[in-house]
Amino acid sequence: MSVIEKTYPIAEKLIANALELTLQLQLQLEQEAENLKTGQQPSIIDAIAANKKKLVTELEQFNSQLSQVLATESLANTQQGLEEYFQRAAIIGLDVNQTMQNWSQLMTICAQCRTLNDQNGASIDLLSRHSKRALHILKGKPEFTNTYGPDGARRSDSITHTLISV
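Residues numbered from 1 in each chain as written. Predicted model: local features only at pLDDT ≥ 70, side-chain atom pairs only at ≥ 80, totals over all residues. Heavy atoms only, no water.

**Observations concerning the packing of helix α1 (residues 3-38) against helix α3 (residues 79-91)**
Next up, step 1: Close contact between α1 and α3 brings their axes to 11 Å; oriented N to C, the two are set at 130°. The angle between α1 and α3 falls in the class oblique. Considering the relative orientation of α1 and α3, their crossing is left-handed. On α3, the residues that touch I4, T7, Y8, A11 and I15 of α1 are L82, Y85, F86, R88 and A89.
Next up, step 2: Considered class by class, the residues forming the contact of α1 with α3 number eight nonpolar, one polar and one charged. (Axes fitted to C-alpha atoms, helices over the stretch in contact; angles between N-to-C directions. Helix = DSSP H or I, 4+ residues; strand = E, 2+ residues; numbered from the N terminus. Parallel < 35°, antiparallel > 145°, perpendicular 65-115°, else oblique. Left-handed = near helix turned anticlockwise from the far one by under 90°. Contact = heavy atoms within 4.5 Å. Nonpolar A, V, L, I, M, F, W, Y, C, P; charged D, E, K, R; others polar.)

**Thoughts on the pattern of salt bridges**
Next up, step 1: One pass over the structure, following the stated rule, counts four salt bridges.
Next up, step 2: For the salt bridge of R88 with E84, the shortest nitrogen-to-oxygen distance reads 3.1 Å. With a gap of four residues between them, R88 and E84 both fall in helix α3, about one helical turn apart.
Next up, step 3: R88 gets classed as partly exposed once you look at its relative accessible area, which sits at 27%.
Next up, step 4: One salt-bridge network, held together by shared partners, links E73, E84 and R88. (Salt bridge = Lys/Arg side-chain N within 4 Å of Asp/Glu carboxyl O. Buried < 20%, exposed > 50% of the residue type's maximum accessible area, 1.4 Å probe, protein only.)

Pasting the structure below:
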């Protein structure tokens with residue numbers, strides 16, 4: 001029995017589990033996006049962030065374990081290394097079709113998660129800037145506007161004016 005015959009069932013299970021984790025992460029990101037749009041309570045966003053962190057930690061563990069499996073065949077933990085691993089498994093007669101489909105779906109969902117995460121991050125940044133701006137106005141502190149000069153360099157101009165005079 002070759003090494004790959006022993007490690008392939010492990011890789012198969014790892015990829016199936018990672019697919020499930022990634023689907024859960026996608027759901028969390030979608031819930032986060034919806035909550036950011038509707039202005040839900042910050043505690044809900046905090047709970048989602050904690051769930052995302054847990055899922056990402058588990059996915060990092062998956063990556064480490066998959067790397068170990070690929071290392072048994074002296075392959076790098078890359079897309080090319082995994083494709084070579086699948087080829088070697090198929091050559092010795094193992095059925096790799098479902099695992100390859102799972103991997104493909106995993107990569108697609110990861111790309112979607114990356115996009116959702118970027119969009120959510122931009123929304124959070126925008127909300128944060130609006131909150132800071134509102135606080136500056138309420139405190140009567142000068143607000144700084146960021147503009148670009150003719151040379152394309154960023155400039156911060158201080159806007160100072162009296163809000164209320166008594």
